[in-house]
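Residues per chain are reported as follows:
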Amino acid sequence: DSGVTQTPKHLITATGQRVTLRCSPRSGDLSVYWYQQSLDQGLQFLIQYYNGEERAKGNILERFSAQQFPDLHSELNLSSLELGDSALYFCASSVSGRVHEQYFGPGTRLTVT
Amino acid sequence: DQQVKQNSPSLSVQEGRISILNCDYTNSMFDYFLWYKKYPAEGPTFLISISSIKDKNEDGRFTVFLNKSAKHLSLHIVPSQPGDSAVYFCAASAMQGGSEKLVFGKGMKLTVNP
């Protein structure tokens, strides 16, 4: 158990819908990262927050957005969902914001039908 | 453009033998390399890393070798155990635009047979 929690574990929704994925970092970790893993792909970095502020952006679509709240939990919002958005979405956290020290949550599996 | 490549999707070895997992990269700006292990229904867990200023790092049964001139790194597991069966991801980091990002390979499934 990494100490990073993600909810829900599974999510099935229809095209065009909007969903919110939630992540609670390890106690004391200030930084949260979001990754997407599509079928047969490696993890693609989406976005990083550090202590409530956006720190780095990766291959995140404009239909996706994220935020980190004062209690340091983070939410990833996915809207106008398409079939290709079906993937595993991982959250990771680190205390310092260094990528070398990330701990990953178990992921949320999103299925868009 | 895939900057980190794990060209073999799977590897099967016998318990007790050596497992060698390979990874190639294209971006010479990468300064840190990591290996993650992932079991089904779990997130990746950090295994071992190496800085670009080193060519070898060892941690118990796990050793990572870095060949910068060839832009190649490998993970050696000796001796391999059935519990090592998992998907292994190679990752590399570099500072880009003032921030640090991890780039992952697609992963390789290792099966260690008893």
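To start, this report covers the structure provided alongside it. (Residues numbered from 1 in each chain as written. Chains lettered and ligands numbered in written order. Predicted model: local features only at pLDDT ≥ 70, side-chain atom pairs only at ≥ 80, totals over all residues. Heavy atoms only, no water.)

Take the sheet that holds strand β7 (residues 64-68) of chain A next. Residue and element names in this part refer to chain A. Strand order in the open sheet formed by 4 strands is β1-β3-β8-β7, and the pairing between neighbours is antiparallel. Unpaired on one side and paired on the other, β1 (5-7) and β7 mark the two borders of the sheet. Strand-to-strand twist in this sheet, taken as the mean axis angle between neighbours without regard to direction, amounts to 15°. Pairing geometry for β1 and strand β3 (residues 19-24), over 3 bridges, is antiparallel. Residue pairing in the sheet places Q6 in a bridge with C23 of β3. (Pairing = 2+ DSSP bridges. Helix = DSSP H or I, 4+ residues; strand = E, 2+ residues; numbered from the N terminus. Axes fitted to C-alpha atoms, helices over the stretch in contact; angles between N-to-C directions.)

Here we take up the interface of chain B and chain A. At the interface, 17 residues of chain B touch 20 residues of chain A. For the pair chain B and chain A, the summed buried surface comes to about 1500 Å²; carbon and sulfur atoms form 60% of the total. Counting the contacts that link chain B with chain A gives 0 salt bridges. At the junction of chain B with chain A, the criterion picks out 1 residue pair in polar contact (both at pLDDT 80 or more). When contributions to the side of chain B that touches chain A are tallied by element, the ones reaching two or more residues are β4 (32-38), β9 (86-96) and β10 (99-104) of chain B. Ranked by the residues each element gives to the side of chain B that touches chain A, the list is headed by β10(B), at 5 residues. Taken together, the residues of the side of chain B that touches chain A break down into 8 nonpolar, 4 polar and 5 charged. (Contact = heavy atoms within 4.5 Å. Buried area = accessible area lost by both parts, 1.4 Å probe. Salt bridge = Lys/Arg side-chain N within 4 Å of Asp/Glu carboxyl O. Polar contact = N/O pair within 3.5 Å; in protein donor to acceptor, adjacent residues only side chain to side chain. Nonpolar A, V, L, I, M, F, W, Y, C, P; charged D, E, K, R; others polar.)

This brings us to the sheet that holds strand β7 (residues 62-67) of chain B. Sheets are built from strands paired through backbone hydrogen bonds, the pairs being either parallel or antiparallel. Residue and element names in this part refer to chain B. Read from one edge of the open sheet, 5 strands run β1-β3-β8-β7-β6, paired in antiparallel fashion. Looking at which strands have only one partner, the edges of the open sheet turn out to be β1 (4-5) and β6 (56-59). Pairing between β1 and strand β3 (residues 19-25): 2 bridges, direction antiparallel. Bridging from a neighbouring strand, V4 pairs with Y25 of β3.

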